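Tertiary structure, described
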Amino acid sequence: MDIFDRIWAIEKDLKTLREKREEAFYEALPSAVAYKADKVQTSIVGFRIEDAVIRCTEIDDQITRLESEKLNLQTQLIKASKILPKREKLAIELRYINMERWKQVCCVMEISKQRAHKLVKQGKARILGKYVSLANVDHEY
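Here's what I pulled together on the structure shown here. (Residues numbered from 1 in each chain as written. Predicted model: local features only at pLDDT ≥ 70, side-chain atom pairs only at ≥ 80, totals over all residues. Heavy atoms only, no water.)

**Focus: the overall build of the chain**
The number of helices and strands found in the chain is five helices and zero strands. Within the chain, the fraction of its 141 residues that count as buried is 30%. Counting contacts in the chain only where the partners sit at least 6 residues apart, residues at least 24 apart contribute 72% of the total. For the chain, the accessible area works out to roughly 9,500 Å², and carbon and sulfur atoms hold 53% of it. (Helix = DSSP H or I, 4+ residues; strand = E, 2+ residues; numbered from the N terminus. Buried < 20%, exposed > 50% of the residue type's maximum accessible area, 1.4 Å probe, protein only. Contact = heavy atoms within 4.5 Å. Areas by Shrake-Rupley, 256 points an atom, 1.4 Å probe, with all protein chains shown as cover.)

Right under this line is the structure:
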């Protein structure tokens, strides 16, 4: 997997983890309380909250590791993109540093989607041709 694919894979994983984190957080919130003296269930609620907090903490750790890896890869990419012509560099930065969708890349650069794809493809080829180490990046997590 090259650096470009890895950055987007991390972004996708981060989105999924953030959704799971939100779900776990909401599971920790108390549900409606019925105040009946004969049916107090504090232990079940306590365990549910504790389990959700543990899950949130574990997910937060995964998010932190992935964000760190993504930042590291993006830093490498910024350094590598210095060899590119101005337009290719901008297209690469919009797509892989700012994580913009193609539509936004086209709007910012005022070009067609086909032209944006071509600029990014050319930029990727130049970078991967010069920096072979970026052609195969391993997962850190």
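**Structural notes on helix α1 (residues 3-28)**
With 26 residues, α1 extends 37 Å from end C-alpha to end C-alpha; this agrees with the ideal 38 Å at 1.5 Å per step. Where α1 begins, one side-chain oxygen reaches toward the backbone nitrogen of F4, 2.9 Å away; that side chain belongs to D2. (Expected span 1.5 Å × (residues − 1). Polar contact = N/O pair within 3.5 Å; in protein donor to acceptor, adjacent residues only side chain to side chain.)

**Some points on the pattern of salt bridges**
Counted according to the given criterion, the structure contains five salt bridges. With its nearest N and O atoms 2.6 Å apart, the salt bridge here joins E67 to R18. Here the residue E67 occupies a position in helix α2 (residues 42-80), and R18 occupies one in helix α1, the gap between them amounting to 49 residues. Taking relative accessible area as the criterion, E67 reaches 37% and is therefore assigned partly exposed. The class of R18 is partly exposed, set by a relative accessible area of 38%. (Salt bridge = Lys/Arg side-chain N within 4 Å of Asp/Glu carboxyl O.)

**As for unusual backbone geometry**
Positive phi, normally seen in glycine, also occurs at M99, with a value near 60 degrees. Structurally, M99 is set in the loop between α3 (86-97) and α4 (102-109). The phi dihedral of E110 is positive, around 55 degrees, even though this residue is not glycine. Examined against the element boundaries, E110 turns out to sit in the loop between α4 and α5 (113-130).

**So, the packing of α3 against α5**
Closest axis-to-axis distance for the α3/α5 pair is 8 Å, and the angle between their directions is 95 degrees. With respect to α5, the axis of α3 lies roughly perpendicular. Two secondary-structure elements touch here, α3 through R87, E88, A91, I92 and Y96 and α5 through L119, V120, Q122, G123, K124 and R126. (Axes fitted to C-alpha atoms, helices over the stretch in contact; angles between N-to-C directions. Parallel < 35°, antiparallel > 145°, perpendicular 65-115°, else oblique.)

**Here's the deal with the side chain of S81**
Within the secondary structure layout, S81 lies in the loop between α2 and α3. The residues touching S81, leaving out its near neighbours within four places in the chain, are K89, E93 and I127.

**So, the packing of aromatic side chains**
Taken as a whole and assessed by the stated rule, the structure comprises two aromatic pairs. With a centroid separation of 5.4 Å and an interplanar angle of 75 degrees, the aromatic rings of F25 and Y26 are classed as edge-to-face. (Phe/Tyr/Trp six-rings, centres within 6.5 Å; stacked < 30°, edge-to-face > 60°.)

**Focus on α5**
The terminal C-alpha atoms of α5, which comprises 18 residues, lie 26 Å apart, in line with the 26 Å expected from a rise of 1.5 Å per residue. Taken together, the buried positions of α5 are A116, L119, V120, G123 and I127. Buried residues along α5 cover an arc of 95 degrees about the axis, so they all sit on one side. Exposed and oriented more than 90 degrees from the buried face of α5 are Q114, K121, A125 and G129. (Arc of directions from axis to C-beta.)

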